[in-house]
Amino acid sequence: LCLQVPELEKATVRIRQPERVRGIIQALREQGVAKLQVISDFDMTLSRFGCNGRRCPTSHNILDTSRVISEDGKKKLKDLLHYYYPIEIDPNRTLEEKCPLMVEWWTKAHELLVQQKIHKDDIAQIVRESEAMLRYGHGMWDGFKEFFDQLHKNNVPLFIFSAGIGDILEEIIRQANVFYSNVNVVSNYMDFNDDGVLTHFKGPLIHTYNKNNTVLQGTGYFQQLRTRTSIILLGDSMGDLTMADGVPSVENILKIGFLNDKVEERRGKYLDSYDIVLESDETLDVVNGILRYILTE
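Predicted model only: the values in this text are computed from it and were never measured.

Glancing now at the sheet that holds strand S5 (residues 158-165). Strand order in the open sheet made by the 7 strands is S1-S11-S10-S9-S2-S5-S6, with mixed pairing throughout. Only two strands of the sheet have a single neighbouring strand rather than two, namely strand S1 (13-14) and strand S6 (183-188). Along the sheet, helix H7 (residues 166-175) makes contact with S5 and S6, crossing S5 at roughly 130°.

Below, the structure is given as structure tokens:
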């Protein structure tokens with residue numbers, strides 16, 4: 001398989017069942033482009049986890065640390081992060097334990113943001129001033145650009161399923177000039193009043209561990225794509241593994257996981273759950289290599 005997808009030889013790649021993965025990639029190629037769809041998380045999956053030893057911001061972080069948030073608001077949001085993030089990634093807690101705490105975190109954070117009277121017109125500038133970065137590629141290529149371009153050119157639907165802030169992440173991909181017509185986003189969106197001031201977040205609330213059918217009711221997205229039975233799923237957390245649950249019939253699914261943080265302690269769990277695990281890899285090289293192989297006639 002490395003002959004067809006040389007990127008799989010990268011040192012960051014770990015695969016528990018190489019034969020199985022080879023079979024899935026072959027099947028995706030044989031089924032052809034008309035059957036393919038891509039389902040992806042956004043924060044720390046399409047966007048970078050770190051850069052030059054510093055953490056890159058998520059869509060929530062971009063807003064939380066921006067100039068439109070008061071110092072008091074920033075402190076409170078940071079306190080929430082320090083309390084809840086360790087719970088989110090704790091490998092020893094069950095999903096049942098984590099879910100209500102995640103709802104609590106997101107709800108409190110969104111309430112704090114609403115108190116800040118954020119203005120719709122400020123969002124583009126907030127994103128422009130932020131350190132948001134999409135994943136890169138090797139050589140001269142912007143990895144994200146090749147990724148979005150390949151899918152768009154081949155009319156492959158890209159579904160971005162995010163527990164982040166939809167308005168922010170859409171603006172990131174818009175400013176990167178890759179918000180194409182084949183891209184569909186489900187996320188937490190802000191609701192603004194007639195004066196353009198944030199009044200609340202539209203429901204249903206999407207957090208790390210409910211990215212499944214329960215929050216997709218009424219979108220009908222996957223129903224329209226009934227014939228798209230080949231799936232590439234991209235995520236960076238255990239919660240992302242359920243993102244394809246709404247697909248009516250799945251014939252082949254390849255799950256690629258970015259293991260960005262706490263690599264040693266979480267490796268086993270990721271290798272059990274994802275077909276391909278990319279450890280501390282800030283690029284989209286492997287994903288693009290696989291797409292190139294599948295999409296090339």
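Here the focus is the side chain of Arg-267. Within the secondary structure layout, Arg-267 lies in helix H9 (residues 263-273). Looking at Arg-267, the relative accessible area reads 16%, which means it is buried. Polar contacts involving the side chain of Arg-267 include one to the side chain of Glu-264, which spans 3.3 Å. When residues no more than four places from it in sequence are discounted, the contact partners of Arg-267 are Arg-14, Leu-259 and Glu-279.

For the rest of this paragraph, the subject is the packing of aromatic side chains. The tally for this structure, following the rule as stated, stands at 9 aromatic pairs. Ring plane angle 90° and centroid distance 4.7 Å describe the contact between Tyr-83 and Tyr-84, whose orientation is recorded as edge-to-face. A connected cluster of aromatic rings, assembled from ring pairs, spans Tyr-83, Tyr-84, Trp-105 and Trp-106. Cation over ring: Arg-29 sits above Tyr-293, and NZ or CZ is 4.4 Å from the ring centre.

Quick look at the packing of helix H1 (residues 18-31) against helix H10 (residues 285-295) now. Where H1 meets H10, the axes come as close as 8 Å, and the angle between the chain directions of the two elements is 45°. One way to sum up the angle between H1 and H10 is to call them oblique. Note on element contacts: H10 touches H1 through Ile-290, Tyr-293 and Ile-294, opposite Ile-25, Gln-26, Leu-28 and Arg-29.

Now for the domain arrangement of the protein. Once the domains are mapped, the protein shows domain 1 (6-52 + 133-295) and domain 2 (56-128). Placing the centre of domain 1 and that of domain 2 at their C-alpha centroids yields a distance of 22 Å. Taken together, the contacts link 36 residues of domain 1 with 29 residues of domain 2. In total, about 2800 Å² of surface goes out of reach between domain 1 and domain 2, with carbon and sulfur atoms giving 69% of it. At the surface where domain 1 touches domain 2, the tally comes to 14 residue pairs in polar contact (both at pLDDT 80 or more). Looking at the side of domain 1 that touches domain 2, the element that brings in the most residues is H7, giving 6 residues. Residues belonging to the side of domain 1 that touches domain 2 are distributed by class as follows: 17 nonpolar, 9 polar and 10 charged.

Calculation notes
Residues numbered from 1 in each chain as written. Predicted model: local features only at pLDDT ≥ 70, side-chain atom pairs only at ≥ 80, totals over all residues. Heavy atoms only, no water. Pairing = 2+ DSSP bridges. Helix = DSSP H or I, 4+ residues; strand = E, 2+ residues; numbered from the N terminus. Contact = heavy atoms within 4.5 Å. Axes fitted to C-alpha atoms, helices over the stretch in contact; angles between N-to-C directions. Buried < 20%, exposed > 50% of the residue type's maximum accessible area, 1.4 Å probe, protein only. Polar contact = N/O pair within 3.5 Å; in protein donor to acceptor, adjacent residues only side chain to side chain. Phe/Tyr/Trp six-rings, centres within 6.5 Å; stacked < 30°, edge-to-face > 60°. Lys NZ or Arg CZ within 6 Å of the ring centre and 35° of its normal. Parallel < 35°, antiparallel > 145°, perpendicular 65-115°, else oblique. Domains from an automatic or database assignment. Buried area = accessible area lost by both parts, 1.4 Å probe. Nonpolar A, V, L, I, M, F, W, Y, C, P; charged D, E, K, R; others polar.

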